[in-house]
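# Coordinate analysis (summary)
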Amino acid sequence: MSYQWPLEAKELFAERYSQMVNTGLPVPDVDAVRAAISDMWADERGGWVHEWSALAARYAEAGSHDLSALAYGWARFPTPADEAKRTALARQTEQYLLAAPGFGPSFRREVLDLPYGGGRTQVPVHVFTPHTAAETGPVLLVSGGVDSWKMDVHGLLVTLCSHAGLPVVAFDIPGTGDSQVPMSPDGAEIVRGLIGHARTLGNGIVVHVGISMGGYYSARSGLAGEADAAVVLGGPVEAAFAGGRIARFGMDGIVGNALGFDRKPSSDALYAALAAFSLRPLLDGDGQAPMLVVNGADDVHVPQDDTLVFEGRRDTDIHLLPDTGHCAVTKLPEVLQIISEWLPRTLAALQATR
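Along every chain, residues carry numbers that run from 1 in the direction the sequence is written. The model is predicted, so local features are restricted to residues of pLDDT at least 70 and side-chain atom pairs to those at 80 or more, both for listing and for counting; the totals for chains, interfaces and linings are taken over all residues. Side-chain numbers here rest on the full set of heavy atoms in the structure, without hydrogens or water.

### Thoughts on the overall build of the protein
A run of H or I in DSSP becomes a helix once it reaches four residues, and a run of E becomes a strand once it reaches two; helices and strands are each numbered from the N terminus. If you tally the helices and strands in the protein, you get 13 helices and eight strands. Computation of the radius of gyration draws on C-alpha atoms, with the globule rule given as 2.2 Å multiplied by the number of residues to the power 0.38. Taking 354 residues into account, the globule formula puts the C-alpha radius of gyration at 20 Å, and the protein, at 19 Å, falls close to it. Summarising its shape, the C-alpha atoms of the protein cover approximately 60 × 50 × 45 Å along the three principal directions. Only protein chains enter the calculation, and the probe is 1.4 Å; a residue is then buried if its accessible area is under 20% of its type maximum, exposed if over 50%, and partly exposed in between. Counting only residues that meet the buried cut, the protein has 56% of its 354 residues in that class.

### Re a negative patch on the surface
Among the surface-exposed residues, Glu8, Glu11, Asp39, Asp43 and Glu44 lie close enough to one another that they form a single negatively charged patch. Checked against the element boundaries, glutamate 8 lands in the segment before helix H1 (9-22). Patch building starts from residues that exceed 30% relative accessible area and form no salt bridge, then joins like charges within 9 Å and nonpolar side chains (Val, Leu, Ile, Met, Phe, Trp, Tyr) within 5 Å. Note on areas: Shrake-Rupley with a 1.4 Å probe; residue coverage comes only from the protein chains shown. What counts as a salt bridge is simple: a side-chain nitrogen of Lys or Arg found within 4 Å of a carboxyl oxygen of Asp or Glu. For this count, His and the chain ends are skipped, Lys and Arg are scored as positive, and Asp and Glu as negative. Taken as the charge centre is NZ of Lys, CZ of Arg, CG of Asp or CD of Glu, depending on the residue.

### Considering the pattern of salt bridges
One pass over the full model with this rule turns up 19 salt bridges. Here arginine 109 makes a salt bridge to aspartate 178, at a shortest N to O gap of 3.2 Å. Here arginine 109 is found in strand S1 (residues 106-116), whereas its partner aspartate 178 is found in the loop between strand S4 (168-171) and helix H7 (188-199), with 69 residues between them in sequence. One network of salt bridges, in which partners are shared, links Arg109, Lys150, Asp172 and Asp178.

### Here's the deal with unusual backbone geometry
For the bond from phenylalanine 77 to proline 78, the omega torsion is 0 degrees, close enough to zero to count as cis. For proline 78, the location among the structural elements is in the loop between helix H4 (65-76) and helix H5 (83-99). Even without being a glycine, cysteine 327 presents a positive backbone phi close to 60 degrees. Relative to the assigned elements, cysteine 327 resides in the loop between strand S8 (316-321) and helix H13 (332-352). Since its relative accessible area comes to 6%, cysteine 327 is described here as buried. One non-glycine residue with positive phi stands out, namely alanine 328, at about 50 degrees. Topologically, alanine 328 is positioned in the loop between S8 and H13.

### Notes on the packing of helix H2 (residues 27-36) against helix H3 (residues 48-61)
Axis lines are fitted through C-alpha atoms, for helices just across the contact stretch, and the angle between N-to-C directions can take any value from 0 to 180 degrees. Taken N-terminus to C-terminus, the directions of H2 and H3 make an angle of 150 degrees; their axes are 9 Å apart at the nearest point. Classified by the interaxial angle, the pair formed by H2 and H3 is roughly antiparallel. The way H2 lies across H3 gives a crossing that is right-handed. For the pair H2 and H3, the contacting residues are Asp29, Val30, Val33 and Ala36 in the first and Glu51, Trp52, Leu55 and Tyr59 in the second. Angle categories are assigned with fixed cut-offs, so that under 35 degrees is roughly parallel, over 145 is roughly antiparallel, 65 to 115 is roughly perpendicular, and the rest are oblique. In this scheme the handedness of a crossing depends on how the near helix is turned from the far one: anticlockwise by less than a right angle means left-handed, clockwise means right-handed. Contact criterion: two residues are considered in contact whenever any of their non-hydrogen atoms come within 4.5 Å of each other.

### Describing helix H6 (residues 154-164)
All of the buried residues along H6 are His154, Leu156, Leu157, Val158, Leu160 and Cys161. Considering only its buried residues, H6 is in contact with H5, strand S2 (119-129), strand S3 (139-143), S4, strand S5 (206-211) and H13. Glycine 165 occupies a position one or two residues after H6 and carries a positive phi of about 65 degrees.

### Thoughts on the environment of tryptophan 48
Mapped onto the elements of the fold, tryptophan 48 is located in helix H3. Residue tryptophan 48 is classed as buried on the basis of its relative accessible area, which comes to 0%. Each C-alpha atom of the pair tryptophan 48 and arginine 76 lies 8.7 Å from the other, and the pair is 28 residues apart in sequence. Once residues within four sequence positions are removed from consideration, tryptophan 48 is found in contact with Ala9, Leu12, Phe13, Met20, Ile37, Asp39, Met40, Ala42, Trp74, Ala75, Phe77 and Lys85.

### Some thoughts on the sheet that holds S2
Strands sit in the order S1-S2-S4-S3-S5-S6-S7-S8 across an open sheet of eight strands; the sheet is mixed. Each of the sheet's edge strands pairs with one partner strand only, and the pair in question is S1 and S8. Here the strands of the sheet are splayed against their neighbours by 20 degrees on average, with no regard to which way each runs. Paired strands are those between which DSSP finds at least two bridges. Note that S3 and S5 share five bridges and pair parallel. Bridge pairing in S5 places valine 139 opposite valine 206. Here H6 sits on the sheet and contacts S2, S3, S4 and S5; the angle it forms with S2, its principal contact strand, is near 60 degrees.

### Re empty space enclosed by the protein
Within this scheme a cavity is a closed region of a 1 Å grid, computed over the protein atoms alone, that accommodates a 1.4 Å probe without allowing it to escape, whereas a pocket is open but has protein on both sides within 12 Å along at least five of seven lines; lining residues each have an atom within 4 Å of a point. Grid points are joined across faces, edges and corners, and a volume is the space filled by probe spheres set on the points. Here the structure, examined in full by the defined rule, presents four cavities of 30 Å³ or more. What the largest cavity holds in volume is close to 100 Å³. Considering the residues around the largest cavity, the lining is formed by 13 residues, among which Gln19, Leu70, Gly73, Trp74 and Asp152 are closest to the centre. When residues in the lining of the largest cavity are grouped by element, the largest group, five residues, is from H4. Roughly 70 Å³ of internal volume is contained in the second largest cavity. Surrounding the second largest cavity, 13 residues form its lining, Val123, Asp172, Ser179, Gln180 and Ile190 being those nearest its centre. Broken down by element, the residue count for the lining of the second largest cavity peaks at four residues, all from S2. All amino acids are sorted into three groups, where Ala, Val, Leu, Ile, Met, Phe, Trp, Tyr, Cys and Pro are nonpolar, Asp, Glu, Lys and Arg are charged, and the leftover types, Gly among them, are polar. A breakdown of the residues in the lining of the second largest cavity according to their chemical character gives seven nonpolar, four polar and two charged.

Here it is as structure tokens:
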């Protein structure tokens, strides 16, 4: 279930260029691909998937499997809406696994069989373990966004694993990446299953770290008290789901695909589906775990209200960083510093109560 929609490649490059080069792709290579692409969907010379895949193939031939995985990740971006992009996603996975021996932390890919909707669903996860990790310590459960999935945020996963000295279990949220089901609020059942699995890998303490739409799910597991603590980085929680908030940079089509539509929905249909995601009922309660909420003040996708709504809540630290946008990606070192100060303090308090 997927569809293409009108989308300008130039617009995506304007928004995502810094992300492309900051994740490790050489600037001259990104610039060359940018100059070559003239169409978002054509699988031919000048087409997005063709040009990015050609770069990825050159990296693979040179044995640079890490760069190849990154480039194939951009080839399948923003969503596998056709066969060419689905092929790029499969090749990204192949190259990523070939690159795994050089990751630093130990790595394994597992496929979990979890309850969902009265049945079962398979959920592939990537597990990173630092060599210095205690045998029975806390575990970080990390969820990526609606268009940047666990392989796409690899650098952040390794950094979190290394800086925190804790195992990281990364997964794709429903409707994205390896997920077998559409994105919906019911995906919280899958997250509960993942939290339960993560508890078996350490001492039972699980911190859910969510990025972008993955931050929606970490906000939910934190507000519901299902995780022991939660980090919300650029996560939408309420205001972002109101009408008109996701029209820019192709986000309406990205989200529509994740929701499982097989053709471009009307605005009314799209926002009717999104309205169900609001976390207002949990925001009105008080059953939450300790939480850290961070975003950029200039986010074009998630309004400031979805960060500031946490003001005054118990056990909650809030950081709305100026002069940066969605997930504060241009100030990632500052974000990591905030997390590295909050996490040990929070874990110490949690472990003291065990």
